[in-house]
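Architecture at a glance
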Amino acid sequence: IEACKLIDQMDIAAQNQDIQGDLFEYLLSHLDQAGRNGQFRTPRHIIRLMVQMIDPKPNERIGDLAAGTCGFPVNAYQHILEQHTSRKLLTFDDEGLPHNLVGDLLEKKERDFLQTEAFRAYDNDSGMTMLRIGSMNLMLHGIEAPRFFYMDTLSKEFNESKEYDVILMNPPFKGAVDKTDVNTTLPTDTTKSELLFVHLILRALDSGGRCAVIVPDGVLFGSSRAHVSLRKKLLDENRLDGVVSMPSGVFKPYAGVSTAILLFTRGATTDRIWFY
């Protein structure tokens, strides 16, 4: 609410899309709301790295199943616009961030698809604070009617399957989930959210769909049966394309654990894995 009041005072509706989005990004980076209930804002440079590696296209269905402030959908939208804006129109700031993303090379049907069907996001933040912030973030970056819904995507209520071409996310990995409400399509041998979310992503992706997801190192090295079976599934039934290991301080002050980005494609089998 404080962020909304500040934006209202700035009269930024009169400004262009770039300024609106940049101001909101700045306010988000200073919100002390972050960090509660395992939620925190993913640094923008990490989001941009993941988006660029996955390289979403204008006609793809893109999702985030634990979206928080919607940084991933926003950056995926900006990436698509950047790839479809004439080079002579683009400008870049000191951080290398693109501006004047007009998307002049997009066809009308692609532009319409981006506005109405391309992006879907979910979050179950109590009090729905994240839903308001995330929706506002999408709107100020140009998505006029965000499809950002209140739902626990690990629950029995969420049954989407094979509905996404791209999933980009940094799911919460603090604590366990309510075993009684976990969807029956997900494994019953664990309540660790980081493992359940990867299984959920595999269910939600269509064949050939691509994902970049942040996981704690335990997913890579854990020795429990649930950890081993997930790694086996990733390698044998899907294509684990790459693993980007990140230092432990990346998410401070919210979390100090070492993390990695998993990059995988649904279906096929793993031949070689790119480690960085």
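These figures come from a predicted structure and were not determined experimentally.

Here we take up unusual backbone geometry. Phi at Asp 55 is positive, roughly 55°, even though this residue is not glycine. Structurally, Asp 55 is set in the loop between α3 (44–54) and β1 (62–64). In this model, Cys 70 sits at a positive phi of 70°, which is unusual for a non-glycine residue. Its place among the elements puts Cys 70 in the loop between β1 and α4 (71–83). With relative accessibility at 0%, the residue Cys 70 sits in the buried group.

What follows concerns the nonpolar core. Core analysis: the largest hydrophobic core is formed by 36 residues, its most contacted members being Met 50, Phe 119, Leu 168, Ile 214 and Ile 261. In this structure Phe 119 touches Ile 62, Pro 73, Ala 76, Tyr 77, Ile 80, Leu 114, Ile 143 and Arg 147, once residues within four positions along its chain are discounted. The next biggest cluster of nonpolar side chains, apart from the first, holds 32 residues, and it includes Val 182, Leu 195, Ile 201 and Cys 211.

With that settled, consider the confidence of the model for the protein. Atomic detail in the predicted coordinates should be set aside for any region of low pLDDT. Residues of the protein with pLDDT of at least 70 account for 84%, and the chain-wide mean is 88. Scored below 50 in pLDDT, residues 32–38 shows twelve contacts in the model against residues more than four places distant or in partner chains.

Together, Leu 49, Met 53, Trp 274 and Tyr 276 make up a nonpolar patch on the protein surface, roughly 440 Å² of accessible area in all. Looking at the element boundaries, Met 53 is found in helix α3.

Another point: the environment of Leu 81. As for its position among the elements, Leu 81 is in helix α4. With a relative accessible area of 8%, Leu 81 lands in the buried category. Separated by 21 residues in sequence, Leu 81 and Val 102 have C-alpha atoms that sit 6.6 Å apart. Setting aside its immediate chain neighbours within four residues, Leu 81 contacts Leu 101, Gly 103 and Leu 106.

Rules used in this analysis
- Residues numbered from 1 in each chain as written.
- Predicted model: local features only at pLDDT ≥ 70, side-chain atom pairs only at ≥ 80, totals over all residues.
- Heavy atoms only, no water.
- Helix = DSSP H or I, 4+ residues; strand = E, 2+ residues; numbered from the N terminus.
- Buried < 20%, exposed > 50% of the residue type's maximum accessible area, 1.4 Å probe, protein only.
- Core = buried A, V, L, I, M, F, W, Y, C linked by side-chain atoms within 4.5 Å.
- Contact = heavy atoms within 4.5 Å.
- pLDDT = per-residue confidence, 0-100.
- Patch = residues over 30% accessible without salt bridge, like charges linked within 9 Å, V, L, I, M, F, W, Y side chains within 5 Å.
- Areas by Shrake-Rupley, 256 points an atom, 1.4 Å probe, with all protein chains shown as cover.
- Salt bridge = Lys/Arg side-chain N within 4 Å of Asp/Glu carboxyl O.

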